[in-house]
Amino acid sequence: LSELAFRFQQLNRPPALSPETLAKPPMFGFGLLVQLIMLLLLVPVAVWGLINHLPALLLPQIMTKRFVKDLNFFASVKFLAALCSFTLLYVLQTGLVWLLSGSFLWVFLYLFSLPLSGRIALFCKDVFMQCKQYLQCRRLNQTDKGKELVNTYGEITDMLNHLIT
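Heads up: these notes are all about the structure in this document. (Residues numbered from 1 in each chain as written. Predicted model: local features only at pLDDT ≥ 70, side-chain atom pairs only at ≥ 80, totals over all residues. Heavy atoms only, no water.)

**With respect to the overall build of the protein chain**
Tallying secondary structure elements over the protein chain gives six helices and zero strands in all. Its helices and strands in sequence order give the protein chain the pattern α-α-α-α-α-α, from N to C terminus. Computed over C-alpha atoms, the radius of gyration of the protein chain comes to 22 Å, more than 25% over the 15 Å expected from 2.2 N^0.38 for 165 residues, which places it beyond the range of a compact globule. Each of the three principal axes of the protein chain carries a C-alpha extent, and together these read 65 × 45 × 30 Å. Expressed as a percentage of the 165 residues in the protein chain, the buried residues total 28%. Counting contacts in the protein chain only where the partners sit at least 6 residues apart, residues at least 24 apart contribute 75% of the total. (Helix = DSSP H or I, 4+ residues; strand = E, 2+ residues; numbered from the N terminus. Rg over C-alpha atoms; globule rule 2.2 N^0.38 Å. Buried < 20%, exposed > 50% of the residue type's maximum accessible area, 1.4 Å probe, protein only. Contact = heavy atoms within 4.5 Å.)

So this is what it looks like as structure tokens:
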């Protein structure tokens, strides 16, 4: 098993495909087209979400890199910093919209759009990464190295399934 895992790691070094991509056959044709169209339609909302969430996304990364020295606390501090930064920046941004517009309707719409646009931005990032990996997998499947990578992955999963049962 360790030899197969090492061979898989060596074969997967340049493309760096995720196991999820190798586990299911790549999307072709209509499924890929639907995802690309959905991605293109949602890009403006995703850009809006990225612009509004960029400070809240960067602040925890900066704080953890600067202040956390012990790797055991890295994830906990980053989660807490993200929780605080998103809450604080949502309140500050909503207050700024209220100062600029003076309308509670615009404030409510803006506050409603923040989590929705952030989720759409994450969705678009995931779909983009999936499409990129599927296209890489399709291109790789046309080579001998790609076929060997898929076969090695199949052997590893068969061996692990045999160990479990």
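Next comes the rest of the account.
**Looking at the pattern of salt bridges**
Summed over the entire model, instances satisfying the criterion amount to two salt bridges. Glu 155 is paired through a salt bridge with Arg 7; the nearest N and O atoms lie 3.5 Å apart. Of this pair, Glu 155 sits in helix 6 (residues 144-164) while Arg 7 sits in helix 1 (residues 2-11), and the two are 148 residues apart along the sequence. A residue is classified by how much of its surface remains accessible, and Arg 7, at 33% relative accessible area, is partly exposed. The residue Asp 126 makes a salt bridge to Lys 125 at a minimum N-O spacing of 3.9 Å. Look at Asp 126 and you get partly exposed, because its relative accessible area is 38%. The exposure class of Lys 125 is partly exposed, given its relative accessible area of 47%. (Salt bridge = Lys/Arg side-chain N within 4 Å of Asp/Glu carboxyl O.)

**Topic: helix 5 (residues 104-141)**
With 38 residues, helix 5 should cover 56 Å at 1.5 Å per step; its first-to-last C-alpha distance of 55 Å lies within 8% of that length. Its axis deflected by about 30° at Leu 114, helix 5 carries its strongest bend there, up to four residues before the proline Pro 115. N-capping of helix 5 is provided by Ser 103, with a side-chain oxygen placed 3.3 Å from the backbone N of Leu 105. (Expected span 1.5 Å × (residues − 1). Bend = angle between axes of the 7 residues up to and from the residue. Polar contact = N/O pair within 3.5 Å; in protein donor to acceptor, adjacent residues only side chain to side chain.)

**Structural notes on the environment of Leu 160**
Along the chain, Leu 160 turns up in helix 6. Separated by 159 residues in the primary sequence, Leu 160 and Leu 1 have C-alpha atoms spaced 8.5 Å apart.

**Digging into the packing of aromatic side chains**
Here the structure, examined in full by the defined rule, presents five aromatic pairs. Centre to centre, the rings of Trp 48 and Tyr 110 are 6.1 Å apart; their planes meet at 90°, and the pair counts as edge-to-face. Within this pair, whereas Trp 48 is found in helix 3 (residues 30-67), its partner Tyr 110 is found in helix 5, the two being separated by 62 residues in sequence. Accessibility expressed as a relative area gives 40% for Trp 48, which makes it partly exposed. Judged by relative accessible area, Tyr 110 falls into the buried class, the value being 11%. (Phe/Tyr/Trp six-rings, centres within 6.5 Å; stacked < 30°, edge-to-face > 60°.)

**As for the nonpolar core**
In terms of nonpolar packing, the biggest core is built from ten residues, these being Leu 4, Phe 8, Leu 11, Leu 17, Leu 22, Cys 137, Leu 140, Leu 149, Tyr 153 and Ile 156. Sorting the residues of this core by element identifies helix 1, helix 5 and helix 6 as the ones contributing at least two each. (Core = buried A, V, L, I, M, F, W, Y, C linked by side-chain atoms within 4.5 Å.)

**A word on the packing of helix 1 against helix 6**
Axis angle and axis distance: for two packed helices, these are the angle between their axes and the distance between the axes, and together they describe the pair. In the contact formed by helix 1 and helix 6, the axes pass within 9 Å of each other and the chain directions differ by 150°. Between helix 1 and helix 6, the crossing angle belongs to the class labelled roughly antiparallel. The handedness of the crossing between helix 1 and helix 6 comes out as left-handed. Contacts from Leu 4, Ala 5, Arg 7, Phe 8 and Leu 11 in helix 1 reach Lys 145, Glu 148, Leu 149, Thr 152, Tyr 153, Glu 155, Ile 156 and Met 159 in helix 6. Class assignment of the residues belonging to the contact of helix 1 with helix 6 gives a composition of eight nonpolar, one polar and four charged. (Axes fitted to C-alpha atoms, helices over the stretch in contact; angles between N-to-C directions. Parallel < 35°, antiparallel > 145°, perpendicular 65-115°, else oblique. Left-handed = near helix turned anticlockwise from the far one by under 90°. Nonpolar A, V, L, I, M, F, W, Y, C, P; charged D, E, K, R; others polar.)

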